[in-house]
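# Summary of structural features
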Amino acid sequence: MLWDLINMDKLRRGLIYAVYMLLVLLLQNAVFSRIVIFGTKAMLVPAAVVAVGMFEGGVWGAVFGLFTGLLCDKTFGATPLFTALFPVIGFFSGVLSRYFVNKRFFAYLFVSMAAFVLTALCQLFPLLVFIGQDAAALFKTALLQVLISLPLAAPLYFPCRAVGTHRRR
């Protein structure tokens, strides 16, 4: 009787996405934080949030983005930028995939690129407005971060697609 209250499919998917989140954060913090290309580091996490949002919907994307943002802010030791930004990215990627774009690979890359651009702009905003850094250098760094991160986002699509399509069979 108690087992009737628990949705085992949602619990299983939640555990799979928790492992997925930890693996993405491990790759981000252990591998890609040490690789510097033209003075810029790649950012994988927004693409993972987009993938979960696209295949599971806006609510799952927002919850995944919230937990991922909390862990990112904790590990990066920065302001609570990612805690506020990643739930928004996850929610709107779910909304976009439900009403405006399909869930195919090209659409995923397009939405991931938009998430990378939004993340880069939010990262450079305080430096530009409050500290007064050079705008050209900041936008160049943001563009490089987006261009470096986009090819690395491609493999993050396939695990979420496998979990999302397995549920619908």
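These numbers come from a predicted model, not from an experiment.

## Topic: helix H3 (residues 58–76)
Relative to the 27 Å expected for 19 residues at 1.5 Å per residue, H3 spans 25 Å between its end C-alpha atoms, a close match to the ideal helical length. Next to the buried residues of H3 lie helix H1 (8–32), helix H2 (45–56) and helix H4 (81–99). Looking one or two places after H3, you find Gly-77, whose phi comes out positive at around 70°.

## Considerations on unusual backbone geometry
If you check the backbone angles, Phe-38 has positive phi at about 55° while not being a glycine. Its place among the elements puts Phe-38 in the loop between H1 and H2.

## Some points on the pattern of salt bridges
Two side chains of opposite charge can pair, provided their charged atoms sit close to one another. Counted by the stated rule, this structure contains three salt bridges. Between Asp-9 and Arg-13 there is a salt bridge; the shortest N-O distance is 3.5 Å. On the criterion of helical spacing, the pair formed by Asp-9 and Arg-13 is a turn pair, its members being four residues apart in helix H1. By relative accessible area, which is 29% here, Asp-9 ends up partly exposed.

## Describing the state of the cysteines
A complete count under the given rule lists zero disulfides for this structure. Among the cysteines around Cys-122, which has no disulfide bond, Cys-72 carries the closest sulfur, lying 14 Å off. Cys-160 carries a free sulfur, and the closest cysteine sulfur to it, the one in Cys-72, is 15 Å from it.

## Observations concerning the nonpolar core
In this structure, Tyr-20, Phe-64, Phe-86, Tyr-108 and Leu-156 are the most contacted members of the largest nonpolar core, which totals 38 residues. For this core, the secondary structure elements donating two or more residues are H1, H2, H3, H4, helix H5 (105–131) and helix H6 (135–168). Tallying contributions element by element places H2 first for this core, with nine residues. Look past the residues within four positions of Tyr-108 in its chain and what remains in contact with it is Ala-47, Val-50, Ala-51, Met-54, Ala-153, Leu-156 and Tyr-157.

The rules behind each value
Residues numbered from 1 in each chain as written. Predicted model: local features only at pLDDT ≥ 70, side-chain atom pairs only at ≥ 80, totals over all residues. Heavy atoms only, no water. Helix = DSSP H or I, 4+ residues; strand = E, 2+ residues; numbered from the N terminus. Expected span 1.5 Å × (residues − 1). Contact = heavy atoms within 4.5 Å. Salt bridge = Lys/Arg side-chain N within 4 Å of Asp/Glu carboxyl O. Buried < 20%, exposed > 50% of the residue type's maximum accessible area, 1.4 Å probe, protein only. Disulfide = S-S within 2.5 Å. Core = buried A, V, L, I, M, F, W, Y, C linked by side-chain atoms within 4.5 Å.

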